[in-house]
Amino acid sequence: GYPNPQAMRDHGYVVLLRSPALHPRVLVRYGATERMLVDAGIPAETVSTRGSGLLAQMLSLVVLGDWASLYLALLNGADPTEVNVIHRLKGLLAEA
């Protein structure tokens, strides 16, 4: 799906989240995925975890994702505290 739509290539940016705890085969997939993105003209960057333990590494990416989400919401004039999608998901899960 990377080649289409054109807007994806023009405005997309992929961030690959990487941990040293990943299996070597998964790391090979990261390299292949990044190459495919570059070939499709979609900018991509790999962000590695920080911290010495697995919990610290996991939380470093959670914090990064939270700050990135907040910043993007503010840049786009959206209310970053709005959680209607999460409330809907919880409602659908409760029905299941």
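Heads up: the structure comes first, above all this text.
> Before we move on, can you summarise the overall build of the chain with the specific residues and values?
When helices and strands are counted, the chain shows four helices and two strands. Listing the helices and strands of the chain from first to last along the sequence gives α-β-α-β-α-α. Taking 12 Å as the expected radius of gyration for a compact globule of 96 residues, we find that the chain reaches 17 Å, considerably beyond that expectation. A total of about 7600 Å² of accessible surface is found on the chain, and carbon and sulfur atoms cover 63% of it. A distance of 11 Å separates the average location of the 8 positive side-chain charges in the chain from that of its 8 negative side-chain charges.

> Explain the pairing of strand S2 (residues 44-48) to me, and be specific about the residues and the numbers.
The side chains of a regular strand alternate, residue by residue, between the two faces of the sheet. In the sheet, strand S1 (residues 14-18) pairs with S2 via five bridges, with the strands oriented parallel. The partner of Val14 across the bridge, within S2, is Ala44.

> Lay out the nonpolar core in plain terms, naming residues and giving numbers.
Membership of the largest hydrophobic core is limited to six residues, which are Val14, Leu16, Tyr30, Leu37, Ile42 and Ala44. Residue assignment for this core shows that the elements contributing at least two residues are S1 and helix H2 (24-39).

> Kindly report on a nonpolar patch on the surface, identifying the contributing residues and their values.
On the surface, a cluster of nonpolar side chains totalling about 350 Å² of accessible area is made up of Tyr13, Val15, Leu17 and Leu64. As for its position among the elements, Leu64 is in helix H3 (residues 54-75).

> Tell me about the environment of Val28, and name the residues and values.
Mapped onto the fold, Val28 is located in helix H2. Here the alpha-carbon distance between Val28 and Val14, two residues 14 residues apart in the chain, equals 17 Å.

> Report on the environment of Gly31, specifying residues and quantitative values.
Relative to the elements of secondary structure, Gly31 occurs in helix H2. According to the relative accessible area criterion, Gly31 is partly exposed, its value standing at 41%. Sequence separation of Gly31 and Pro43 is 12 residues, and the distance between their C-alpha atoms is 14 Å.

> With reference to specific residues and values, describe H3.
Helix length check: H3 (22 residues) gives 32 Å between terminal C-alpha atoms against 32 Å at 1.5 Å per residue, within 8%. Elements that come into contact with the buried residues of H3 comprise S1 and S2.

> Explain the environment of Pro20 to me, and be specific about the residues and the numbers.
Its place among the elements puts Pro20 in the loop between S1 and H2. On the accessibility criterion, Pro20 (62% relative accessible area) is exposed. Residues Pro20 and Pro5 lie 15 residues apart in sequence; the distance between their C-alpha atoms is 33 Å. Leaving out residues up to four positions away in the same chain, Pro20 has contacts with Thr49 and Gln57.

Rules of the game
- Residues numbered from 1 in each chain as written.
- Predicted model: local features only at pLDDT ≥ 70, side-chain atom pairs only at ≥ 80, totals over all residues.
- Heavy atoms only, no water.
- Helix = DSSP H or I, 4+ residues; strand = E, 2+ residues; numbered from the N terminus.
- Rg over C-alpha atoms; globule rule 2.2 N^0.38 Å.
- Areas by Shrake-Rupley, 256 points an atom, 1.4 Å probe, with all protein chains shown as cover.
- Lys, Arg positive; Asp, Glu negative; His and termini not counted.
- Charge placed at Lys NZ, Arg CZ, Asp CG, Glu CD.
- Pairing = 2+ DSSP bridges.
- Core = buried A, V, L, I, M, F, W, Y, C linked by side-chain atoms within 4.5 Å.
- Buried < 20%, exposed > 50% of the residue type's maximum accessible area, 1.4 Å probe, protein only.
- Patch = residues over 30% accessible without salt bridge, like charges linked within 9 Å, V, L, I, M, F, W, Y side chains within 5 Å.
- Salt bridge = Lys/Arg side-chain N within 4 Å of Asp/Glu carboxyl O.
- Expected span 1.5 Å × (residues − 1).
- Contact = heavy atoms within 4.5 Å.

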